[in-house]
Protein chains: 2
Amino acid sequence: MSVLINDIEVVKTETSKINDIDFDNLKFGQVYSDHMLVCDYENGAWKAPKVMPYQNISLEPSAKIFHYGQSVFEGMKAYKDADGGVWLFRPMENFNRLNISSKRLAIPEIPEAYFLDGLKTLLEVDQDWIPQKEGSSLYIRPFVFASGTGLHASPANAYKFIICTAPSGSYFSGKVKVLIETKYSRSANGGVGYAKAGGNYAGQFYPTQLAIDKGYQQVIWTDDTSHEYIEEAGAMNVFIRINDTLITSPTSDRILDGITRKSLIDLARSKGINVEVRKIKVSELVEAAENGSLKELFGAGTAAVISPIAGFGYQGKDYELPELKETYASSLKKAITDIQTNKAEDPFGWRYKVL
Amino acid sequence: MSVLINDIEVVKTETSKINDIDFDNLKFGQVYSDHMLVCDYENGAWKAPKVMPYQNISLEPSAKIFHYGQSVFEGMKAYKDADGGVWLFRPMENFNRLNISSKRLAIPEIPEAYFLDGLKTLLEVDQDWIPQKEGSSLYIRPFVFASGTGLHASPANAYKFIICTAPSGSYFSGKVKVLIETKYSRSANGGVGYAKAGGNYAGQFYPTQLAIDKGYQQVIWTDDTSHEYIEEAGAMNVFIRINDTLITSPTSDRILDGITRKSLIDLARSKGINVEVRKIKVSELVEAAENGSLKELFGAGTAAVISPIAGFGYQGKDYELPELKETYASSLKKAITDIQTNKAEDPFGWRYKVL
Ligand SMILES: Cc1ncc(COP(=O)(O)O)c(C=O)c1O
Ligand SMILES: Cc1ncc(COP(=O)(O)O)c(C=O)c1O
């Protein structure tokens, strides 16, 4: 039996799993809320989305997702404030980026209303799943993949757009040590690195495992041509503080245009911090580490928010970051989180009220 | 009800589709045989494979294949000779390459027996699906993908290895015109280009569509650093004939080590053709086209076998290949096909008898 909410068909689950969830001890992205949004592309058009119980998807073995990696995704969070208000952070940025990714992967773009009204309806139905505890949130995963069949290497003629959500705690625990990679690469000039394409992530798993085996948690990628320039981390853009200047690489066709990254640039500037958006040589980082001018290194992304980096390895040598009392990382993290969770003014108009 | 064939559990379909198939008018990879091989990786080990009716796969929306493109595949063919004998071509090469690809994608490697005995059993069960008509064959698609769940960007803990097969006609019809790409790229130095990773293919779809819109059928990729060197085509390695020398690029971490390519190198040399394996500058190709020394250009791969190229576009200019009476492409195609289909001696020991 279905009902209409915001003009969207909703089929509610008969057996909620919510009482099985320990909201005080949430991991990241491992338990899923009761419902999901599903939207099908067939015969040249996206059909109206539906909210339905979270359930398995049934596909032919010849569905192109299994063979050609034709998929894109997004990562967002919903926050619940002290009064029970539900908020998103710059959702139109995710919507636009999803379609930028889709275009590069030859996937048909999603209509705005299907994305935004669909997401709002899903959040309304599953609002009890949004954690209120500090540091927790409802992680939102919109994704699109090729469900159409055929063993010819060409775009599919059918796709599924799905949003599922997962009440989540933090992505990393504690400070991380990173390896600056000089052999493997994440993306090519003229490739798909700027898209949130599935294949970009699988390609990182093996080099990241090698780094983990050496005692690091994450890889920082460099450009594939010279391996001389810092690009980004696995699922985070990278910021470097040298003395009192915050530096981050410009985005390119190899680097994801992170929403956290661009928000932090604006926030830092509004606090009077000098921010430089320019290419960063690994040698500059190493030199700054050696002469003591390197104060901070951190990753920035929706999942991890801001992840301070305690040290980095490069060409067999390890470098440590100083332990400062007051860091840009922690003041910026507080500033962005306070905006996201409706604890502070929102001068930029980034917050988006859902409920 | 299941039976054991070659020690492998086989569940036969109760409703064969074989009478619905028009074996005289086969397209490529669009109809699937009655059965498939399925093998699951769980708790750190591959479980014994089973042959079962071709059927849908049911997965959680959080299965990592939908998000992180963690998948690899192979492409092979089975041939039926005039006496009904069933043959594969260098299957161990595909098995080894599948595991090379898997390793790069952090997918657990498949045991040889599961692959080879599994495939032989599948072919035995579906032997009536192997076309005998010249130019047709049973296309075989082994693939492995992440079925384990989780929204954390890290390798899955469960995988599926599946082989499905499709009686198929030719991949391309007629000669093709190709565009030599100078903006988009297929793979990075230190990336996954040498692996048959799903994501490598989806990344090609959009640039290939742009090329198709301009009147070409395929893209020839160049290196992503300088765009000065010929790499390979979408699913084929590339050969160039200048005067009487056949040239093909060396493989690298950006280029797939094609089995057709290496077989053609051996075959051509055995016929006394001078073969050079070396980097090829686009400028060399253009110059040869202009001064008339460029005699042939063709792609080589399992699906298309040898695909003669009639012309190429580069930086807004079109170049035509001469129409020769006797081509290396056609004599090599006949030679390799005759070996594959048991019509000629097999001095290299490439043919592999299944039934
Ligand atoms: C490769 C990559 N870089 C950077 C980011 C950070 O982007 P955002 O801040 O929009 O989450 C992400 C993930 O979201 C990512 O996958
Ligand atoms: C990218 C790419 N290059 C080359 C080839 C040709 O390889 P093989 O001759 O082993 O089929 C293929 C396909 O099989 C391919 O996908």
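Residues numbered from 1 in each chain as written. Chains lettered and ligands numbered in written order. Predicted model: local features only at pLDDT ≥ 70, side-chain atom pairs only at ≥ 80, totals over all residues. Heavy atoms only, no water.

## A few points about the overall build of chain A
The cut-off we apply is this: To qualify as a helix, a DSSP run of H or I must reach at least 4 residues; to qualify as a strand, a run of E must reach at least 2; elements of each kind are numbered from the N terminus. Burial status follows relative accessibility: with a 1.4 Å probe on protein chains alone, a residue under 20% of its type maximum counts as buried, one over 50% as exposed, and anything between as partly exposed. Accessible surface is estimated by sampling points in the Shrake-Rupley manner with a 1.4 Å probe; for residues, cover comes only from the protein chains shown. A residue counts as positive if it is Lys or Arg and as negative if it is Asp or Glu; His and the chain ends are not included. Taken as the charge centre is NZ of Lys, CZ of Arg, CG of Asp or CD of Glu, depending on the residue.
Within chain A, the regular secondary structure consists of seven helices and 21 strands. Seen through its C-alpha atoms, chain A measures out along the principal axes to roughly 65 × 55 × 35 Å. Taken over 355 residues, chain A has a buried fraction of 61%. Of the roughly 13,800 Å² that chain A leaves accessible, carbon and sulfur atoms contribute 46%. For chain A, the distance from the average site of its 39 positive side-chain charges to the average site of its 44 negative ones is 3 Å.

## Some thoughts on the layout of surface pockets
Residues and elements named next belong to chain B. Defined as follows: Residues are called lining when one of their atoms sits within 4 Å of a cavity or pocket point, these points coming from a 1 Å grid over the protein atoms alone, where a cavity is a set in which a 1.4 Å probe fits but cannot get out and a pocket is an open set with protein on both sides within 12 Å along at least five of seven lines. Grid points are joined across faces, edges and corners, and a volume is the space filled by probe spheres set on the points. We call Asp, Glu, Lys and Arg charged. Ala, Val, Leu, Ile, Met, Phe, Trp, Tyr, Cys and Pro are nonpolar, and the rest, Gly among them, are polar.
Within this model, the largest pocket holds a volume of roughly 720 Å³. What lines the largest pocket is a set of 34 residues, among which Glu134, Gly135, Ser136, Lys333 and Thr337 lie closest to the centre. When contributions to the lining of the largest pocket are tallied by element, the ones reaching two or more residues are strand E8 (76-80), strand E19 (305-314) and helix H7 (328-340). No other element matches H7, which puts five residues into the lining of the largest pocket. A class-by-class count of the residues in the lining of the largest pocket yields 10 nonpolar, 13 polar and 11 charged.

## Things to note about the domain arrangement of chain A
All names here are of chain A. The cut-off we apply is this: Domain extents, as shown, originate in an automatic or database domain assignment. Residue contacts are defined here by distance: any two heavy atoms, one from each residue, within 4.5 Å place the two residues in contact. Here the quantity called buried area is the accessible surface, traced with a 1.4 Å probe, that two parts lose on coming together, added over both. By convention in these notes, a salt bridge is any Lys or Arg side-chain nitrogen within 4 Å of a carboxyl oxygen on Asp or Glu. Polar contacts, as used here, are pairs of N or O atoms within 3.5 Å; protein pairs need one atom able to donate a hydrogen and one able to accept it. Residues neighboring in sequence count only if both atoms are side-chain atoms.
Segmentation of chain A into domains returns domain 1 (2-168) and domain 2 (176-340). Taking only C-alpha atoms into account, the centre of domain 1 sits 28 Å from that of domain 2. The interface of domain 1 with domain 2 comprises 19 residues on the first partner and 21 residues on the second. Regarding the contact of domain 1 and domain 2, the summed buried area is about 1,800 Å², with carbon and sulfur atoms giving 60% of it. By the criterion of area lost to domain 2, the three top residues of domain 1 are Phe89, Arg97 and Arg104, representing 35% of everything that side buries. Between the two partners, domain 1 and domain 2, sit one salt bridge. Across the pair Glu93 and Lys262 runs a salt bridge, and its minimum N-O distance is 2.9 Å. Summed over the shared surface of domain 1 and domain 2, the result is 11 residue pairs in polar contact (both at pLDDT 80 or more). Those elements that provide at least two residues to the side of domain 1 that touches domain 2 are strand E7 (71-73), strand E8 (76-80), strand E9 (86-89) and helix H2 (91-104). The element that contributes the greatest number of residues to the side of domain 1 that touches domain 2 is H2, accounting for six residues.

## Describing the relation of the copies chain B and chain A
Mapping between the two chain copies consists of a rotation about an axis together with a translation along that axis. Stated precisely, the cut-off is as follows: To line up the copies, we fit them by least squares on C-alpha atoms, keeping just the residues with pLDDT of at least 70 in both.
Superposing chain B onto chain A requires a rotation of 180° together with a translation of 0.0 Å along the rotation axis, leaving an RMSD of 0.0 Å. The two molecules are tied by a two-fold rotation axis, judged by turn and shift. Interface residue correspondence from chain B to chain A reaches 100%, placing this contact among same-surface, isologous pairings.

## Looking at the nonpolar core
Counted only if it meets this: To define a nonpolar core, start from buried Ala, Val, Leu, Ile, Met, Phe, Trp, Tyr and Cys residues and group those joined through side-chain atoms within 4.5 Å.
Judged by nonpolar contacts, the single largest core of 195 residues is most densely connected at Phe66, Phe161 and Phe312 of chain A together with Phe66, Phe161 and Phe312 of chain B. The contacts of Phe66 of chain A, once residues within four sequence positions are left out, are Leu59, Glu60 and Pro61 of chain A together with Ile57, Leu59, Ile65, Ser71, Phe143 and Phe145 of chain B.

## Brief notes about the side chain of Ser33 of chain B
Residues and elements named next belong to chain B. Within the secondary structure layout, Ser33 lies in the loop between strand E2 (8-11) and strand E3 (35-42). Ser33 gets classed as buried once you look at its relative accessible area, which sits at 1%. One polar contact links Ser33 to Thr165, side chain to side chain, over a distance of 2.6 Å. Residues in contact with Ser33, not counting those within four places in the same chain, are Lys17, Tyr54, Asp126, Trp129, Leu138, Thr165, Ala166 and Pro167.

## Digging into unusual backbone geometry
Residues and elements named next belong to chain A. Phi angles above zero are rare outside glycine, and Asn43 is one such case at about 50°. Mapped onto the elements of the fold, Asn43 is located in the loop between strand E3 (35-42) and strand E4 (45-46). For Asn43, a relative accessible area of 75% translates into the label exposed.

## Some words on the packing of aromatic side chains
The criterion, for reference: Here is the rule: rings of Phe, Tyr and Trp (six-membered ring for Trp) pair when centre to centre is within 6.5 Å. Planes less than 30 degrees apart are stacked, more than 60 are edge-to-face, and the remainder are tilted.
Evaluation of the coordinates by the stated rule reveals 42 aromatic pairs over all chains. When the centroid spacing of 5.6 Å and the interplanar angle of 75° are considered together, the rings of Phe89 of chain A and Trp350 of chain A count as edge-to-face. Here the residue Phe89 of chain A occupies a position in strand E9, and Trp350 of chain A occupies one in the loop between helix H7 (328-340) and strand E21 (351-353), the gap between them amounting to 261 residues. A single burial state applies to Phe89 of chain A and to Trp350 of chain A, both of which are buried. Pairing Tyr201 of chain A with Tyr68 of chain B gives two aromatic rings, centres 5.9 Å apart and planes at 55°, and the pair type is tilted. Separated into two different chains, Tyr201 of chain A in helix H4 (residues 198-213) and Tyr68 of chain B in helix H1 (residues 65-68) make up a pair that spans both. Both residues of the pair, Tyr201 of chain A and Tyr68 of chain B, count as buried.

## Here we look at the pairing of E8 of chain B
Residues and elements named next belong to chain B. Cut-off, in case you're wondering: A strand pair is defined by DSSP finding two or more bridges across the two strands.
Across the five residues of E8, five count as buried, placing the element largely inside the fold. Here E8 shows no split at all, with Met76, Ala78 and Lys80 on one side and Lys77 and Tyr79 on the other all buried. Pairing geometry for E8 and strand E10 (residues 137-146), over three bridges, is antiparallel. The residue bridging Lys77 from the neighbouring strand is Tyr139, located in E10. In the sheet, E8 pairs with strand E9 (residues 86-89) via three bridges, with the strands oriented antiparallel. Within E9, the position partnered with Tyr79 by the bridge is Trp87.

## A short note on the site of ligand 2
All names here are of chain B. Spelled out, the test is: One heavy atom suffices: a residue is near a molecule or strand as soon as one of its heavy atoms comes within 4 Å of it.
Inspection of the region around ligand 2 gives 16 residues, with Tyr201, Glu232, Ile259, Thr260 and Thr302 positioned closest. Between ligand 2 and the protein, one listed contact pairs an oxygen atom with a side-chain N or O atom of Arg97 at 2.8 Å. The separation between an oxygen atom of ligand 2 and a polar side-chain atom of Lys196 is 2.8 Å. Protein burial of ligand 2: of its 380 Å² of free accessible surface, 97% is covered by the chains.

## Considerations on the site of ligand 1
Residues and elements named next belong to chain A. Taken together, the neighbourhood of ligand 1 is formed by 16 residues, with Tyr201, Glu232, Ile259, Thr260 and Thr302 sitting nearest. Between a nitrogen atom of ligand 1 and a side-chain N or O atom of Glu232, the distance comes to 2.5 Å. Ile259 has a polar backbone atom sitting 2.7 Å from an oxygen atom of ligand 1. Relative to its unbound accessible surface of 380 Å², ligand 1 loses 97% to contact with the protein. Elements represented by at least two residues in the shell around ligand 1 include exactly helix H5 (259-270) and strand E18 (294-301).

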